[in-house]
Amino acid sequence: MKLGESLVLLSEGAVFSELFSNTRRPWLCLGDFNEILYHHEKIGGRAKDDYKIMAFREVMALCELDDLGFDGFKFTWTNGQANEANIQERLDRALANIHWALAGHDYGQALSKSLLFFEAQRSGYLPRNQRVQWRGNSGLNDGKISGVDLVGGYYDAGDNVKFGLPMAFTITMMSWSILEYGKQMGASGELGHAIDAVKWGTDYLIKAHPQPDLLYGEVGDGNTDHYCWQRPEDMTTSRAAYKIDPSHPGSDLAGETAAAMAAASIVFRRYNPSYSAELLEHAYQVALQRSVVIVWGWGMSRDKFVGDVVPTADKLFDFADKYRGKYDSSITIAQKYYRSVSGYADELLWAAAWLYKASNNAYYLNYLENNGDALGGTGWAMTEFGWDVKYAGVQTLVAKFLMAGKAGRHTPVFQKYQEKAEFFMCSCLGKGTRNAQKTPGGLIFRQRWNNMQFVTSASFLMTVYSDYLTSAGKSLRCASGNVSPAELLSFAKSQVDYILGDNPRATSYMVGYGNNYPRQVHHRASSIVSYKVDPSFVSCRGGYATWFSRKASDPNLLTGAIVGGPDAYDNFADQRDNYEQTEPATYNNAPLIGLLARLHAGHSGYNQLLPVQLPALKPIATNPKPATKPVVKPAPASSTSPIAITQKVTSTWVRNGKTYYRYSTTITNKSSKNLKNLKLYISKLYGPLWGLTKSGNSYFFPAWINSLAAGKSIEFVYIHSASPATVSVSSYNLV
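Residues numbered from 1 in each chain as written. Predicted model: local features only at pLDDT ≥ 70, side-chain atom pairs only at ≥ 80, totals over all residues. Heavy atoms only, no water.

Colleague: When you look at the overall build of the chain in this model, what are you seeing that I'm missing?
Modeller: Helix and strand counts for the chain stand at 24 helices and 18 strands. Of all 735 residues assigned to the chain, the portion counted as buried reaches 60%. For the chain, the accessible area works out to roughly 27,900 Å², and carbon and sulfur atoms hold 50% of it. (Helix = DSSP H or I, 4+ residues; strand = E, 2+ residues; numbered from the N terminus. Buried < 20%, exposed > 50% of the residue type's maximum accessible area, 1.4 Å probe, protein only. Areas by Shrake-Rupley, 256 points an atom, 1.4 Å probe, with all protein chains shown as cover.)

Given below as structure tokens:
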């Protein structure tokens, strides 16, 4: 966006956050822009654009933004006119960094909670160090009727079925998160928990691949499971196991499983070398047999492969590539739940890319080049990335190979992969030729049913690609012009912030984070009293009658779960039967753990294109010593008042020697009646505020709330570098 266009937007009263990488934050303190602009124009003597620039500076000062490291944000005039090149340079720098300066979320806390969710999804015998105590052992006979041990793994979402394709994708993305941001996880004390989460999944995948040409892809029946509402510990539904083999192929399932095992093998290379080798052997098996024959035909020797894995590599990538077909044509019962719409071509390329990262074997680079056109890697320009469609993921990985100098003679083809990767990034930003849809609040929107899966996956790709570009000293090339890595990262951050509560509803879509989060999650285990509290058997249909239909908060807090999220207009209904919006899924959280680690611990200046070097594990999660917090005194309210106001500091950070605080303020209706027409007066507020509607000098309920029921609360937040603002009640009605 040009300087003149940016300032014109301001003068026309457009949402100021359009300047901030389309994050659409409601920067309330900028409401005085037009008044300041009018004042300067009355004085006269300069060009109109200069007045806008001057007003912009004063508004930044009003919002305390020039204390946040933008001391270079100065303007020069030549012959009475602003030097546009000089201003544009500083404006670009300010706009790229200002969003970071006002970050108010505790990403470390969110990371810890996000990892806890995976423990709530565990199937099998729970370990001694299980932290989610309301869960118990479950699925202990899985695989028994097929003569194989399939105990363990993860339930995918709010049901009790183990679906292989989304589970494998979950493990791939958790591993990728660790490989990119393991250092940050280590600094947060969460690397051990993240690795445990990966191993819980890979242990199961090893069991699910008992023979080179056989892979189990589902345990449980979605149809019978959805007929019942039971906690996992009480399951009476079918636990049949479904497989793929040469007569019933599933290249997409086998390819994704190979990718998961290959990615995880890199994670465990330092911590458990023998386990790493075992995973890589399975990855070869499930993905490469016919390909090995071709490799020898090219004259490659065995020592091109890792260790002594190759002699047994007649086995997942081979299986996927040799016996081609969609897994849901073989495991037809999965079609209603995880249909492979994109087919298997993307998974074959995805598996090859991860096998190259795991083995450094040039064979897989050749595979990516020779099959890039036929399998769609160089042709498909995507606007989504998830458990079904992997093209944007493989294109991002290949672009990394290219920027890291790994392409060699493959460069012309790999540049085509990169073009498609950048198409995806530009689409998400809204700067491409075919852009992703966004809600009015700025959230990427793909579909009503579990839209958050696309938000977290896309945001992860944007984050790693931003770091790749930074390491390579490059910028993103979009149809509307070049985009800096900082802007790409800032947009990804805005998506995370939306999830954590910076949205029109001031709702956190991570369960247990903040005060206003979903309480009636579409999740069998969390919605039924814990087996440890009440071991009474919950029957198939009895669960629906007693627990599913219960209009109350879940008895077990599903900490860290990312639910499906709002609709295309930022609307959300916290109701258990609203499965499209309130059901969580493991693949929602998997990309997010990397994002949160990156946002919490920063970048630290290392080259993201260099080989992975994970840190030593810390046995216990440690938290950085918090900054000294100001004393939060109760807001003025008498003990007999029907309205309670409480404030607390939820996050602190230091910028250029100045400490900033994020305050959470809760308004509770203590009366037995509905609270309406609430009018608040807030003084000593020196920064932006979210979650209330401002009119004049007063604040009112947000647009989506007409009244507050008895005993209910609402939350709003604000950020500034001072003690708590004074919040008082001006007027209200009880009806």
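Colleague: Explanation requested: the UniProt feature "active site" (unreviewed entry) in the chain in the structure shown.
Modeller: Here, the residues flagged by UniProt with the feature "active site" (unreviewed entry) are His 522, Asp 574 and Glu 583. Their sequence span is 62 residues, while the largest C-alpha to C-alpha distance among them is just 10.2 Å; these annotated residues converge on one region. Within the secondary structure, His 522 is located in the loop between helix H20 (485-500) and helix H21 (524-527). In this view, His 522 contacts Gly 158, Trp 229, Phe 548, Arg 576, Asp 577, Tyr 579, Thr 582, Glu 583 and Pro 584; residues no more than four positions away in its chain are not counted. At a separation of 2.7 Å, a polar atom in the side chain of His 522 contacts the main-chain carbonyl oxygen of Arg 576. Mapped onto the elements, Asp 574 comes out in the loop between helix H22 (542-548) and helix H23 (579-582). (UniProt positions renumbered as here; feature names shortened; annotations may be inferred. Contact = heavy atoms within 4.5 Å. Polar contact = N/O pair within 3.5 Å; in protein donor to acceptor, adjacent residues only side chain to side chain.)

Colleague: Hey, could you run me through unusual backbone geometry in this one?
Modeller: Residues other than glycine predominantly adopt negative phi, and peptide bonds predominantly adopt the trans conformation. Positioned with a positive phi, Asn 450 is a non-glycine residue whose angle comes to about 50°. Within the element layout of this structure, Asn 450 appears in the loop between strand S7 (444-445) and helix H19 (452-472). Under the relative-accessibility criterion, Asn 450 is labelled buried at 5%. With a phi close to 55°, Asn 677 is a non-glycine residue in the positive phi region. Here Asn 677 is to be found in strand S12 (residues 675-683).

Colleague: Which parts of the structure should I look at to understand the packing of aromatic side chains?
Modeller: The geometry of an aromatic ring pair is captured by the separation of the ring centres together with the interplanar angle, meaning the angle of the planes. In this structure the tally under the stated criterion is 31 aromatic pairs. Plain terms: the ring middles of Tyr 498 and Tyr 509 are 6.4 Å apart, the flat faces sit at 15° to each other, and that makes the pair stacked. You can see Tyr 498 sitting in helix H20 and its partner Tyr 509 sitting in the loop between H20 and H21, a full 11 residues away along the chain. For the residue pair Tyr 498 and Tyr 509, the accessibility class agrees, reading buried in each case. Ring centres of Tyr 544 and Phe 548 lie 5.0 Å apart, and the angle between their planes is 70°; on these two criteria the pair is classed as edge-to-face. Residue Tyr 544 and its partner Phe 548 are both found in helix H22; the two are separated by four residues, about one turn of the helix. Residues Tyr 544 and Phe 548 agree in their burial class; the two are buried. Among the aromatic residues, those joined into a ring-pair cluster are Phe 169, Trp 176, Trp 350, Trp 354, Phe 385 and Phe 460. (Phe/Tyr/Trp six-rings, centres within 6.5 Å; stacked < 30°, edge-to-face > 60°.)

Colleague: Whenever I open this one, the state of the cysteines confuses me. Can you help?
Modeller: Every disulfide links exactly two cysteines, by a covalent bond between their sulfur atoms. Inspection of the entire model under this criterion finds two disulfides. Between the sulfur atoms of Cys 228 and its disulfide mate Cys 540 the distance is 1.9 Å. Judged by the sign of its S-S torsion, about -85°, the bond between Cys 228 and Cys 540 is left-handed. The residues Cys 228 and Cys 540 share a single accessibility class, namely buried. Covalently, Cys 426 is tied to Cys 478 through a disulfide, its sulfur atoms 2.0 Å apart. (Disulfide = S-S within 2.5 Å.)

Colleague: Explain the pattern of salt bridges here, please?
Modeller: A side chain with one charge can pair with a side chain of the opposite charge if their charged atoms come near. Counted under the stated rule, the structure contains 23 salt bridges. One salt bridge in this structure joins Asp 149 and Lys 207, with 3.3 Å as the shortest N-O distance. With Asp 149 in the loop between helix H5 (107-120) and strand S3 (162-163) and Lys 207 in helix H7 (residues 191-207), this residue pair connects regions lying 58 residues apart in the sequence. Overall, the relative accessible area of 42% leaves Asp 149 in the partly exposed class. Residues Asp 328 and Lys 326 are paired through a salt bridge, measuring 3.9 Å at the closest nitrogen-oxygen approach. Three or more residues are tied together by salt bridges with common partners; here these are Asp 142, Lys 162 and Arg 239. (Salt bridge = Lys/Arg side-chain N within 4 Å of Asp/Glu carboxyl O.)

Colleague: Sorry if this is basic, but what is going on with the pairing of strand S4 (residues 215-219) here?
Modeller: For a regular strand, side chains alternate in direction, first toward one face of the sheet and then toward the other. Of all the five residues making up S4, five are buried; the element is thus mostly covered by neighbouring parts of the structure. Of the pairings in the sheet, the one linking S3 to S4 comprises two bridges and is antiparallel in character. Bridge pairing links Lys 162 to Val 219 in S4. Two strands pair when backbone bridges link them, and S4 and strand S5 (residues 241-244) are joined in this way by four bridges, in the antiparallel orientation. If you follow Val 219 over to S5, its bridge partner there is Ala 241. (Pairing = 2+ DSSP bridges.)

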